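Observations on the three-dimensional arrangement
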Amino acid sequence: MLADTLSETLQHLENAAKAAHRPTPALLAVSKLQPASAVAELARAGQRAFGENYVQEAQAKIGELAGMDLEWHLIGHLQSNKAELAAHLFDWVQTVDRHKLIGALSRYRPADHAPLNVLVQVNIDDEASKHGCAPDEVAGLADAIAAEPRLRLRGLMAIPAPHPDTARRIAAFRRMQALQGALAARHASVDTLSMGMSEDYPLAVAHGATMVRIGTALFGARPSRPA
Ligand SMILES: *Cc1c(COP(=O)(O)O)cnc(C)c1O
């Protein structure tokens, strides 16, 4: 059944990309609070990349599914005291938003792992409740990431405000697209703009997303977070 939802979602993504004359973005399946069995079901249907928000929850799932050769992305806020564990567990960290994390992730990335793929998270709507750096901090953080041999700068990530006014949402996606363009001109390794979730991914795809992060539309509603 998850296999059907996956193929429908991939079809919707392809249609949205075609309508906007853009390449089809990568699908990150957001599996936070979903059981390992659901991840395994999607993996058997062909999905490889999964996004998790909580380092400890991810640790258990990654361990349980170690034989499946999956790609794991951290998309939740990373506390500095969890950077060591994250540097061991994940293939990508999408939520780097301050200098302190860069040194820690680099120091702790095991030598026998490939370099850790990193996105800079941007607080594009300047929301007090959200993590992410300010747009004018992107260049400095990106330069610092690019200087670390154990890290690979891949691009930017954002969670724009779910504003009811579509024009405001489009404006946020466009600001991200412009930031991404400027960054790619400075760093040849930059190829990823991660934005768009279940509610807004067609709009994100139309405005430059190369990776969308979809949870609810794939897995159904999430169980609530255990206390
Ligand atoms: C939970 C989450 C998603 C997925 O959200 P859905 O609305 O379930 O698709 C995407 N990105 C981030 C950062 C998230 O925390």
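Cut-offs and rules
Residues numbered from 1 in each chain as written. Predicted model: local features only at pLDDT ≥ 70, side-chain atom pairs only at ≥ 80, totals over all residues. Heavy atoms only, no water. Helix = DSSP H or I, 4+ residues; strand = E, 2+ residues; numbered from the N terminus. Rg over C-alpha atoms; globule rule 2.2 N^0.38 Å. Buried < 20%, exposed > 50% of the residue type's maximum accessible area, 1.4 Å probe, protein only. Contact = heavy atoms within 4.5 Å. Areas by Shrake-Rupley, 256 points an atom, 1.4 Å probe, with all protein chains shown as cover. Lys, Arg positive; Asp, Glu negative; His and termini not counted. Charge placed at Lys NZ, Arg CZ, Asp CG, Glu CD. Near = heavy atom within 4 Å. Polar contact = N/O pair within 3.5 Å; in protein donor to acceptor, adjacent residues only side chain to side chain. Nonpolar A, V, L, I, M, F, W, Y, C, P; charged D, E, K, R; others polar.

So, about the overall build of the chain. Summing up its helical and strand segments, the chain has nine helices and eight strands in all. Against the 2.2 N^0.38 benchmark of 17 Å for 227 residues, the chain shows a C-alpha radius of gyration of 17 Å, consistent with a compact globule. With respect to the principal axes defined by its C-alpha atoms, the chain has extents near 45 × 40 × 35 Å. Going through the 227 residues of the chain one by one, you find that 48% of them count as buried. Intrachain contacts of the chain at a sequence separation of at least 6 include 58% that bridge at least 24 residues. Of the roughly 10,500 Å² of accessible surface on the chain, 52% is carried by carbon and sulfur atoms. For the chain, the separation between the mean place of its 23 positive charges and that of its 24 negative charges on side chains is 2 Å.

Close contacts around the ligand come from 13 residues, with Lys 32, Asn 53, Ser 198, Thr 216 and Arg 222 the closest. In the environment of the ligand, an oxygen atom lies 2.7 Å from a nitrogen or oxygen atom belonging to the side chain of Lys 32. With respect to the ligand, the side chain of Thr 216 contributes an N or O atom lying 2.5 Å from an oxygen atom. Here the ligand loses 90% of its free accessible area of 390 Å² to cover by the protein chains. Looking at side-chain class alone, the shell around the ligand contains six nonpolar, four polar and three charged residues.

The values reported here are purely geometric and, on their own, carry no functional implication.
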